[in-house]
Amino acid sequence: MKPIFTLLLLSFFFIKSNAQSGIEVISESFNYFYTSINEQDSIVITFENLVNADQVVTFEGDESPFSLSSQQIILPALGTSQMTVYFNPTQTGLFFFDLSYSGSLYGSGVVFFDGEGTLVELTLSPDTLVLPQVSLGESSSSSFTISNNGTGTMSYSLNNTSELISLSSTSGTITTG
């Protein structure tokens, strides 16, 4: 009988711990992976109100290259609301951002973000493909190479819109060098 009592006590403590926080952050990732300079990426964050009354949540920490969709959101009683954090690097490098939030009634915290500004410089060789004429039922092939001479990793995705062409690789990443 004693182990059951211990299990119930631990469950009660967990629920009480959540109720004391007032506001919970529900999001999967706070990382902006490789973002090219002068391009914008965004992450939508969901906040949950654990209090049975509406709250106004205020945010602090609007630092370049990060920006916020709003400085405040209204969080309904026992409900959720979203806001967006944008990342728009203007130079290469690693960037970090601490977003502080506080509820008008109860609950506060900090969400940590990081992102990398990259400068992808691509080289395509050769820059033109010419396929020879072939008889019906025969095929021909040609290839090209994409090189990344920039400062960051490039992600790519190729769309094949023709049944006459096949691609050996349709998505992936190309590292520097």
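Residues numbered from 1 in each chain as written. Predicted model: local features only at pLDDT ≥ 70, side-chain atom pairs only at ≥ 80, totals over all residues. Heavy atoms only, no water.

Overview of the overall build of the protein
(1) Moving on: Tallying secondary structure elements over the protein gives 1 helix and 13 strands in all.
(2) Moving on: Reading the helices (α) and strands (β) of the protein from amino to carboxyl end gives α-β-β-β-β-β-β-β-β-β-β-β-β-β.
(3) Moving on: Taken across its 177 residues, the protein has 24% of its residues classed as buried.
(4) Moving on: Counting contacts in the protein only where the partners sit at least 6 residues apart, residues at least 24 apart contribute 58% of the total.
(5) Moving on: As displayed, the protein has an accessible area near 12,100 Å², and 53% of this comes from carbon and sulfur atoms. (Helix = DSSP H or I, 4+ residues; strand = E, 2+ residues; numbered from the N terminus. Buried < 20%, exposed > 50% of the residue type's maximum accessible area, 1.4 Å probe, protein only. Contact = heavy atoms within 4.5 Å. Areas by Shrake-Rupley, 256 points an atom, 1.4 Å probe, with all protein chains shown as cover.)

Here we look at the sheet that holds strand S5 (residues 66–68)
(1) Moving on: Taking strand neighbours across the sheet as the criterion, the 4 strands line up as S1-S3-S7-S5 in an open arrangement whose pairing is antiparallel. Only two strands of the sheet have a single neighbouring strand rather than two, namely strand S1 (23–26) and S5. Averaged over all adjacent pairs, the angle separating strand axes in this sheet is 30°, with direction ignored.
(2) Moving on: One ladder, built from 8 bridges, connects strand S3 (residues 41–49) with strand S7 (residues 80–87); its direction is antiparallel. Opposite Glu48, over in S7, you have Thr80 as the bridge partner. (Pairing = 2+ DSSP bridges. Axes fitted to C-alpha atoms, helices over the stretch in contact; angles between N-to-C directions.)

Some words on the environment of Val57
(1) Moving on: Of note, Val57 is situated in strand S4 (residues 55–60).
(2) Moving on: For Val57, a relative accessible area of 0% puts it in the buried group.
(3) Moving on: For the pair Val57 and Tyr101, spaced 44 residues apart in sequence, the C-alpha to C-alpha distance is 6.5 Å.
(4) Moving on: The contacts of Val57, once residues within four sequence positions are left out, are Ile23, Gln71, Gln72, Ile73, Leu75, Tyr101, Ser102 and Gly103.

Some points on the sheet that holds strand S8 (residues 93–103)
(1) Moving on: In space, the 5 strands of this open sheet follow the order S2-S9-S8-S4-S6, with mixed pairing throughout. At either margin of the open sheet sits one strand with a lone partner, and together these are strand S2 (31–36) and strand S6 (72–75). Across the sheet, the mean angle separating the axes of adjacent strands is 25° when strand polarity is ignored.
(2) Moving on: Of the pairings in the sheet, the one linking S2 to strand S9 (residues 108–118) comprises 5 bridges and is parallel in character. Along S9, the bridge assignment pairs Thr35 with Gly117.

Re the nonpolar core
(1) Moving on: Phe47, Phe59, Met83, Val85, Leu99 and Phe113 are the most contacted members of the largest nonpolar core, which totals 20 residues.
(2) Moving on: Ranked by residues supplied to this core, first place goes to S8 with 4 residues.
(3) Moving on: Those residues in contact with Met83 that lie beyond four places of it in its chain are Ile43, Val44, Ile45, Phe47, Phe59, Leu68, Ser69, Ser70, Ile73 and Leu99. (Core = buried A, V, L, I, M, F, W, Y, C linked by side-chain atoms within 4.5 Å.)

A short note on the environment of Leu75
(1) Moving on: Within the secondary structure, Leu75 is located in strand S6.
(2) Moving on: In contact with Leu75, not counting residues within four places along its chain, are Ile23, Phe47, Glu48, Asn49, Ala53, Asp54, Gln55, Val57, Thr80 and Ser81.

Thoughts on the packing of aromatic side chains
(1) Moving on: One pass over the structure, following the stated rule, counts 6 aromatic pairs.
(2) Moving on: Look at Phe47 and Phe59: their rings are 5.3 Å apart centre to centre, the planes differ by 50°, and that puts the pair in the tilted class. Here Phe47, found in strand S3, pairs with Phe59, found in strand S4; they are 12 residues apart in sequence, far enough to count as distant.
(3) Moving on: Among the aromatic side chains, those forming a connected cluster through ring pairs are Phe66, Phe87, Phe95, Phe97 and Phe113. (Phe/Tyr/Trp six-rings, centres within 6.5 Å; stacked < 30°, edge-to-face > 60°.)

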